Amino acid sequence: MARLIVILGDQLSPALPSLQNAAADDVLLLAEVASEASYVQHHKHKIILIFSAMRHFAAVLQQQGYQLCYIHYDSQSQIKCITDAVQHALTQYPHLQSIVITQCGEYRLQQEINNWQQRFSLPLQILSDDRFICDLPRFTRWAQGKKQLRMEYFYREMRRYTGLLMQGDTPEGGKWNYDTDNRKACPHDLQQIPPLHFAPDDITAKVIALVNQHFAANMGSADNFRYAVTGKDARRAFLHFVQQQLAQFGDYQDAMLLDQPFLFHSICSVYVNCGLLDVRWMCNKVQQAYQQGLVPLNAAEGFIRQLIGWREYVRGLYWLLMPDYKQHNGLNAERPLPGFYWHGNTQMRCMQQAVKSTIDHAYSHHIHRLMITGNFALLAGLSVKQVTDWYLAVYADAYEWVELPNTLGMALFADGGVLASKPYAASGAYINRMSNYCKNCAYNVKHTTEADACPFNALYWDFLHRHQQQFGTNPRLALAFANWQKRSDSDKAAILAKAANTLNRLEQL
Ligand code: DLZ
Ligand code: SF4
């Protein structure tokens, strides 16, 4: 019984469940469609990455003898969405008798897929995505009956389940988590080894021309695209990271340096999230590097924690809590997103650096995302909808399952504390400790109310003051509130006036 096997743009893995029993008379469908390319205004690099990786993946499948139905992007086409593409394929290949797909990463599109059985009057098989280590029933079982769903406990279960960095029942080195050893500031003269980049081949060059033609207004320049677009090159990029960068990644995971957008980060989230890299393979390589004495434990553990802890945890939460999760706006944040999130023209050096890296590479590392663009959005009460759409659009590794919990929950605390135990609000002092940006900034990080004061400072106190009701009793913020209360009434009034003035002139910062 011949089947239509639908493969989405973030399902580019040879081990994809729906490909496992593919037969010669099955038809494999990959479709570049307007709805997926424009449901947010994706960065140019994200579209190039997905389209080019889809074309390369299809070429390999074809070489292996599979029948392919590949739909190239065409702005005039009647095929505007994945459902249209399925309709087209079923018309072209009338012998097909059922549809198979691996569960989709985003709720939005999964809802559309759920209608296919009725719409096409054919059996539809949706396979669990076992490229993730924790399947969704397992996550639901873990979450059941718990008052708080903390990543740390989930992570420990994943360590036990996978056996990664374990000695029997105990964690390697005696501690589960070396997060406190991941927070060193980076000396500015430490030698940097950049991630591997790849010159575009003919297939990518064609996609670059297409994106220049049809997505000219989107963020970024198509002409400096250097990501890997095949599994083979993505694996090369990852092994380069393990051999050259991972040893330092542990110490400097949270550090930021002027004009060093990558530091010791792997940037492999871009590859693993569209399927070019396999999580288990990556973790095994990192564990081997530790066992061979090439990298210290805090680096290996810190990296594995991101993959089998945080990444799996946010995916589980997303599917557990959608669609309601997307509606949360616990701090009533509605202020429009300032233009500098798109163009980066601001005197705030930290913001300028985070947005520049975003524009240049469709990438910025987790502390840029959490503690600069995210922290600013939290403090200034920027619209949850606009901020989450921005993150989904501008990062090459962003799909809603990973973006929404990280942004709405972690950065904006809009879910009322499902994900984080306190808001990640910070003044300029944190950014100064973790970077050399403040030394190179027009604003003075030590000032709060003066004309040249760092905008993060007054906004930070204003945030605490505004949300005293919600957070005043949170033990993790007790010290911050005590410091606020210690200030004289006139000091408080001056800080709140400065914050109000800052909020009124966000576009001029
Ligand atoms: C992100 C993306 C883009 C830009 N374009 C396509 C596309 O044309 N066809 C496709 O199948 N997938 C694309 N994707 C990835 C999907 O949006 C992604 O598979 C879903 O959001 C589910 O995670
Ligand atoms: Fe950012 Fe403030 Fe430091 Fe400037 S002084 S870089 S605005 S934290």
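It is worth spelling out the site of ligand 2 at this point. All residues adjacent to ligand 2 are M348, R349, C350, G428, I431, Y437, C438, C441, Y443, V445 and C454. With respect to the detected pockets, ligand 2 is housed in the second largest cavity. Elements supplying a minimum of two residues to the shell around ligand 2: α15 (349-361) and α19 (428-434). Of the residues contributing to the shell around ligand 2, the split by class is nine nonpolar, one polar and one charged.

The full set close to ligand 1 counts 19 residues, and G9, D10, A31, V33 and E36 are the nearest of them. A distance of 2.9 Å is found between an oxygen atom of ligand 1 and a backbone nitrogen or oxygen belonging to V33. Within the side chain of E36, a nitrogen or oxygen atom sits 2.6 Å from an oxygen atom of ligand 1. Against a free-state accessible area of 490 Å², the protein chains account for coverage of 100% of ligand 1. Most atoms of ligand 1, that is more than half of them, are within 2 Å of grid points of the largest cavity. By residue number, the principal contributor to the shell around ligand 1 is helix α2 (residues 44-63), which donates three residues. Of the residues in the shell around ligand 1, the class split is eleven nonpolar, three polar and five charged.

Attention now moves to the environment of Y363. Position of Y363 among the secondary structure elements: in the loop between α15 and α16 (366-380). Overall, Y363 belongs to the buried group, its relative accessible area being 5%. If sequence neighbours within four positions are ignored, Y363 has contacts with Y227, P261, F262, H265, I267, S269, S357, T358, R369 and Y395.

Taken in spatial order, the five strands make up an open sheet running β3-β2-β1-β4-β5, and their pairing is parallel. Looking at strand neighbours, the two that pair on one side only are β3 (67-71) and β5 (124-127), the edges of this open sheet. Adjacent strand axes in the sheet meet at a mean angle of 20 degrees, parallel and antiparallel pairs treated alike. Bridge analysis of strand β4 (residues 98-102) against β5 gives four bridges, and the strand direction is parallel. Within β5, the position partnered with I99 by the bridge is L124.

Time to look at the state of the cysteines. For the coordinates displayed, the defined rule picks out zero disulfides. A disulfide-free cysteine, C134 has its sulfur positioned 14 Å from the sulfur of C283, the nearest such atom. C134 sits in the buried class, given a relative accessible area of 3%.

This part is about the side chain of H368. Position of H368 relative to the elements: it lies in helix α16. Residue H368 is classed as buried on the basis of its relative accessible area, which comes to 1%. When residues no more than four places from it in sequence are discounted, the contact partners of H368 are M256, P261, A354, T373, G374 and Y437.

Remark: the centre distance and the inter-plane angle together describe each pair of aromatic rings, the angle taken between the planes. The full count for this structure, using the stated rule, is 29 aromatic pairs. Consider the rings of F340 and Y341, whose centres lie 5.5 Å apart with planes at 20 degrees: the pair is stacked. Taken individually, F340 and Y341 each receive the classification buried, so the pair is uniform in this respect. Counting every residue linked through ring pairs, the aromatic cluster contains F340, Y341, F376, W390, Y391, Y395 and F456. Against the face of Y399 rests K46, its NZ or CZ located 5.6 Å from the ring centre.

With that out of the way, let us pick up empty space enclosed by the protein. Scanning all chains against the criterion turns up two cavities of 30 Å³ or more. A volume near 340 Å³ is recorded for the largest cavity. Around the largest cavity, the lining is made up of 26 residues, and of these G9, D10, E36, I50 and Y399 lie nearest the centre. Elements with a minimum of two residues in the lining of the largest cavity: β2 (27-31), α1 (34-38), α2 and α4 (107-114). With five residues, α2 is the largest single contributor of residues to the lining of the largest cavity. Of the residues belonging to the lining of the largest cavity, the class tally is 17 nonpolar, three polar and six charged. Space inside the second largest cavity adds up to approximately 100 Å³. Lining the second largest cavity are 13 residues, and of these C350, C438, C441, C454 and F456 lie nearest its centre. The residue inventory of the lining of the second largest cavity, partitioned by class, reads eleven nonpolar, two polar and no charged.

Under the criterion given, the structure shown has 13 salt bridges. Its salt-bridge partner being R55, residue E32 comes within 2.7 Å of it at the nearest N-O pair. In this pair, E32 is assigned in the loop between β2 and α1 and R55 in helix α2, connecting sequence segments 23 residues apart. In this structure, E32 and R55 share a single accessibility class: buried. Residue R236 pairs with D233 through a salt bridge whose shortest N-O separation is 3.5 Å. Residue R236 and its partner D233 are both found in helix α9 (residues 231-244); the two are separated by three residues, about one turn of the helix. Through salt bridges that share partners, E36, E106 and R108 make up one connected network.

Cut-offs used in this document
Residues numbered from 1 in each chain as written. Chains lettered and ligands numbered in written order. Predicted model: local features only at pLDDT ≥ 70, side-chain atom pairs only at ≥ 80, totals over all residues. Heavy atoms only, no water. Near = heavy atom within 4 Å. 1 Å grid on protein atoms, 1.4 Å probe; cavity = no way out; pocket = protein on both sides within 12 Å on 5 of 7 lines; lining within 4 Å. Sits in = over half its atoms within 2 Å of the grid points. Helix = DSSP H or I, 4+ residues; strand = E, 2+ residues; numbered from the N terminus. Nonpolar A, V, L, I, M, F, W, Y, C, P; charged D, E, K, R; others polar. Polar contact = N/O pair within 3.5 Å; in protein donor to acceptor, adjacent residues only side chain to side chain. Areas by Shrake-Rupley, 256 points an atom, 1.4 Å probe, with all protein chains shown as cover. Buried < 20%, exposed > 50% of the residue type's maximum accessible area, 1.4 Å probe, protein only. Contact = heavy atoms within 4.5 Å. Pairing = 2+ DSSP bridges. Axes fitted to C-alpha atoms, helices over the stretch in contact; angles between N-to-C directions. Disulfide = S-S within 2.5 Å. Phe/Tyr/Trp six-rings, centres within 6.5 Å; stacked < 30°, edge-to-face > 60°. Lys NZ or Arg CZ within 6 Å of the ring centre and 35° of its normal. Points joined across faces, edges and corners; volume = space filled by probe spheres on them. Salt bridge = Lys/Arg side-chain N within 4 Å of Asp/Glu carboxyl O.

Worth remembering: the numbers are spatial, not functional.
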